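Single-letter residue listing:
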Amino acid sequence: MDYLLRYRRMTVPKRYAELVALIAISCTLFLFLHTQSLTSRLREMEDRLQPPSSLSAASGLSGNSISQVSAGANQSNHPHDHLHHHELIGNLHHTYNYLKSTGQMHSLKATELNNTRRSEIPIIFFNRVPKVGSQTFMELLRRLAVRNDYTFHRDVVQRLEVIRLSPERQQELAEMVMDLPVPSVYVKHVCYTNFTRFGLPMPIYVNMVRDPVERIISWYYYVRAPWYYVERKQAFPDLPLPDPRWLKKDFETCVLQGDPECTYSQNAVHEGIGDHRRQTLFFCGHGEDCLPFNSAGALERAKYAVESQYAVVGVLEDLNTTLTVLEKYVPRFFSGASSVYFNEVNMLQKINKNSFKPPVSEEIKDLVRRNFTKEIEFYQFCKQRLYKQYLATQLPLK
């Protein structure tokens with residue numbers, strides 16, 4: 001009997017401890033899920049927050065991430081300074097506060113920021129930049145074609161994707177686009193093409209951009225994904241398979257070992273097929289002066305094309321604002337875009353999502369950013385323009 005009592009005294013605390021541990025784990029899990037839910041809801045509220053409703057409460061945030069002069073000035077060689085500068089890339093509120101502090105806010109006019117009115121034919125030309133969510137954007141355009149009554153066209157898959165064309169091929173492309181029924185959307189990986197050079201009317205140009213370093217990392221692992229080569233072999237059976245050692249090479253090792261593939265030399269001219277380090281090239285054009293990597297000349301030409309020729313250049317990292325601006329500035333084609341995207345397209349499995357892409361450390365990203373200063377400046381410029389376009393639609397008509 002004493003033995004049984006001792007046994008019970010020994011087991012009760014153990015069961016009690018297990019019960020307490022189970023309750024603690026359950027509470028922790030509940031709090032985690034609840035916190036995640038609250039975080040998601042807060043993010044949704046923040047994304048939907050309209051600046052005009054909180055203009056009076058806006059604080060005087062720094063304009064360093066907006067000023068193009070200061071963006072290139074006082075560049076530090078310290079890696080953490082570059083990372084801090086990258087993190088300061090302005091969001092919508094930063095842009096508003098900068099425009100307000102410099103007296104530019106009240107001079108914004110949506111009509112002056114809308115190049116759609118300058119187009120001469122109702123055809124959208126989406127000369128898509130790779131790895132900026134363009135596959136998802138194409139699916140959105142396909143679905144909107146039914147809703148908004150236009151025809152959707154895209155270039156055929158090619159063995160070798162040539163984005164920089166000779167003048168003769170540029171003219172062939174322009175004439176082919178002009179032969180499409182109106183209204184239409186045409187999609188192709190290609191540099192900006194000036195249709196007026198061939199005596200043809202200009203279409204409505206749209207495009208997307210992405211953080212340049214995140215984009216090249218995405219591209220690096222995209223061309224190493226197993227399904228990428230399965231699709232390529234199905235389309236082109238005689239295509240040789242790459243070296244397994246190349247496939248297994250990770251981005252961090254590639255950068256640290258100074259591999260030519262991950263050495264982004266300034267002003268280098270690389271004409272290799274599939275070299276997509278220069279986001280600016282898709283906006284600068286087909287000229288040889290657009291080839292030098294991270295060059296001031298290519299940057300300025302790309303910025304000029306965006307400002308003077310593109311109706312909207314969206315930003316992958318801010319689809320809410322991108323879709324709103326597209327709806328406002330190109331309503332004939334993008335009416336209902338937000339609803340279709342968030343209720344239909346976004347519900348699908350992410351197209352081209354690469355589960356084989358491992359995380360890359362911020363230290364490595366920061367190391368790469370040092371050689372992407374002009375590309376980053378172009379990305380910032382496109383973000384600023386997008387936010388200006390959005391803010392202009394919130395002002396009273398003048």
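Predicted, not measured: the structure shown is a model, and the values here were computed from it.

1. Focus on the state of the cysteines
Line of reasoning, step 1. Applying the stated criterion across every chain, the model contains two disulfides.
Line of reasoning, step 2. With its sulfur 2.0 Å from that of its partner, cysteine 254 forms a disulfide with cysteine 262. Looking down the S-S bond of the cysteine 254 and cysteine 262 bridge, the torsion is 100 degrees, so its handedness is right-handed. Both residues of the pair, cysteine 254 and cysteine 262, count as buried.
Line of reasoning, step 3. Put simply, cysteine 284 and cysteine 290 are joined by a disulfide, and their sulfur atoms are 1.9 Å apart. One disulfide, between cysteine 284 and cysteine 290, carries an S-S torsion of -75 degrees and so falls in the left-handed class.
Line of reasoning, step 4. Look at cysteine 284 and you get buried, because its relative accessible area is 11%.
Line of reasoning, step 5. Residue cysteine 290 is classed as buried on the basis of its relative accessible area of 2%.

2. Thoughts on the sheet that holds strand E3 (residues 184-187)
Line of reasoning, step 1. Strand order across the open sheet formed by five strands is E2-E3-E1-E4-E5, with parallel pairing between neighbours. Since the sheet does not close on itself, it has two edges, and those belong to strand E2 (151-154) and strand E5 (310-315), each with one partner. Going across the sheet, the axis of each strand differs from the next one's by a mean of 20 degrees, ignoring polarity.
Line of reasoning, step 2. Against the sheet, helix H13 (residues 319-329) engages strand E4 (204-209) and E5, with an angle of about 165 degrees to E5.

3. A short note on unusual backbone geometry
Line of reasoning, step 1. Backbone torsion omega between valine 182 and proline 183 reads -5 degrees, so that peptide bond is classified as cis.
Line of reasoning, step 2. Secondary-structure assignment places proline 183 in the loop between helix H6 (167-178) and E3.
Line of reasoning, step 3. For lysine 131, which is not glycine, the phi torsion reads 60 degrees and is therefore positive.
Line of reasoning, step 4. Under the relative-accessibility criterion, lysine 131 is labelled buried at 12%.
Line of reasoning, step 5. A positive phi angle is found at aspartate 149, which is not glycine, with a value near 60 degrees.
Line of reasoning, step 6. According to the relative accessible area criterion, aspartate 149 is exposed, its value standing at 59%.

4. Details of the pairing of E4
Line of reasoning, step 1. Within E4, six of the six residues are buried, which leaves it mostly tucked inside the rest of the structure.
Line of reasoning, step 2. Across three bridges, the pairing between strand E1 (residues 123-126) and E4 is parallel. Residue pairing across strands places phenylalanine 125 opposite tyrosine 205, the latter belonging to E4.

5. Quick word on the packing of helix H12 (residues 296-309) against helix H17 (residues 373-393)
Line of reasoning, step 1. Between H12 and H17, whose axes approach to 10 Å, the crossing angle comes to 15 degrees. Overall, the two elements H12 and H17 adopt an arrangement that is roughly parallel. Considering only the axes of H12 and H17, their crossing is right-handed. Facing H12, whose interface residues are Ala296, Leu299, Ala302, Lys303, Val306 and Glu307, H17 presents Lys374, Glu377, Phe378, Phe381, Cys382 and Arg385.
Line of reasoning, step 2. Within the contact of H12 with H17, the residues separate by chemical class into seven nonpolar, no polar and five charged.

6. Points about the pairing of E5
Line of reasoning, step 1. With six of its six residues buried, E5 lies for the most part within the structure.
Line of reasoning, step 2. Bridge count between E4 and E5: five bridges; the pairing is parallel. Pairing of valine 206 across the sheet is with valine 312, part of E5.

7. What about the environment of leucine 326?
Line of reasoning, step 1. Counting through the fold element by element, leucine 326 comes out in helix H13.
Line of reasoning, step 2. As a C-alpha pair, leucine 326 and glycine 314 span twelve residues in sequence and 8.2 Å in three-dimensional space.
Line of reasoning, step 3. What leucine 326 contacts, discounting residues up to four positions off in sequence, is Phe137, Val206, Val312, Pro331 and Phe334.

Procedures and definitions
Residues numbered from 1 in each chain as written. Predicted model: local features only at pLDDT ≥ 70, side-chain atom pairs only at ≥ 80, totals over all residues. Heavy atoms only, no water. Disulfide = S-S within 2.5 Å. Buried < 20%, exposed > 50% of the residue type's maximum accessible area, 1.4 Å probe, protein only. Pairing = 2+ DSSP bridges. Helix = DSSP H or I, 4+ residues; strand = E, 2+ residues; numbered from the N terminus. Axes fitted to C-alpha atoms, helices over the stretch in contact; angles between N-to-C directions. Contact = heavy atoms within 4.5 Å. Parallel < 35°, antiparallel > 145°, perpendicular 65-115°, else oblique. Left-handed = near helix turned anticlockwise from the far one by under 90°. Nonpolar A, V, L, I, M, F, W, Y, C, P; charged D, E, K, R; others polar.

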